[in-house]
Amino acid sequence: MGKRLAGVLFILIIAAGIGIACRSYLFRQRAVYSLESVSGGNPASSDDSEKITWQLISDAQSKEDAEEIAAMYGVTFLEYLDGAALYETEEDPLEVIRRGEEQGYPQMWVNSERIAY
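Residues numbered from 1 in each chain as written. Predicted model: local features only at pLDDT ≥ 70, side-chain atom pairs only at ≥ 80, totals over all residues. Heavy atoms only, no water.

Describing the sheet that holds strand β2 (residues 76-81)
Sheet architecture is open: 4 strands sit in the order β2-β3-β1-β4, paired in antiparallel fashion. In the strand order of this sheet, the two ends are held by β2 and β4 (108-110), each with one partner. When strand polarity is set aside, the average angle formed by the axes of neighbouring strands in this sheet is 30 degrees. When strand β1 (residues 54-59) meets β4, the two strands line up antiparallel, connected through 3 bridges. From the neighbouring strand, I57 faces β4, where its bridge partner is W109. The strands touched by helix α2 (residues 63-73) within the sheet are β1, β2, β3 (84-89) and β4, with β2 carrying the most contacts at an inclination of about 155 degrees. (Pairing = 2+ DSSP bridges. Helix = DSSP H or I, 4+ residues; strand = E, 2+ residues; numbered from the N terminus. Axes fitted to C-alpha atoms, helices over the stretch in contact; angles between N-to-C directions. Contact = heavy atoms within 4.5 Å.)

Considerations on the side chain of S58
Inspection of the secondary structure puts S58 in strand β1. For S58, the side chain forms a polar contact with the side chain of Y87, separated by 3.0 Å. Excluding anything up to four places from it in sequence, S58 contacts I69, G83, A84, A85, Y87, Q107, M108 and W109. (Polar contact = N/O pair within 3.5 Å; in protein donor to acceptor, adjacent residues only side chain to side chain.)

Description of the confidence of the model for the protein chain
On average, the protein chain scores 77 in pLDDT, and the residues at 70 or more come to 65%. Within the protein chain, α2 carries the highest mean pLDDT (96), whereas helix α1 (residues 2-38) carries the lowest (60). Within the model, pLDDT remains below 50 along residues 25-46, and this stretch shows 23 contacts once partners closer than five positions in the same chain are excluded. (pLDDT = per-residue confidence, 0-100.)

Description of the pairing of β3
In this structure, β1 lies alongside β3, joined through 6 bridges in antiparallel fashion. Its bridge partner lying in β3, S58 is registered against A85. Examined bridge by bridge, β2 and β3 share 5 bridges and lie antiparallel to one another. Pairing of L81 across the sheet is with A84, part of β3.

Things to note about the nonpolar core
If you look at the biggest cluster of nonpolar residues, it comprises 13 residues, and the most contacted ones within it are L56, V75, Y87 and M108. Take this core: its biggest share by element is 4 residues, from α2. (Core = buried A, V, L, I, M, F, W, Y, C linked by side-chain atoms within 4.5 Å. Buried < 20%, exposed > 50% of the residue type's maximum accessible area, 1.4 Å probe, protein only.)

Laid out in structure tokens, this is it:
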């Protein structure tokens, strides 16, 4: 009976792991799709009073390093804390990231918040 219970528990754990992996993959795909669908341009009002800004993050060794990365990318440096730097831009964030990849700059990511549901 003990081996049977252990087998059932093993199968449940494996199934749960596969389910979590699939959900995570689908979430990332949906997040990228959503970002691409809204970032085709800066949807500002006619008087430009409501500009959308995007936050980006990167690894950095120091505050000075983070400021250099901001200058490379042409984004605004906001904050540095424990090896991570926070930036802001009004440009399409995916275009900023692509431009950096093409130039060989240090890697940058969109700062996004994940919500479990």
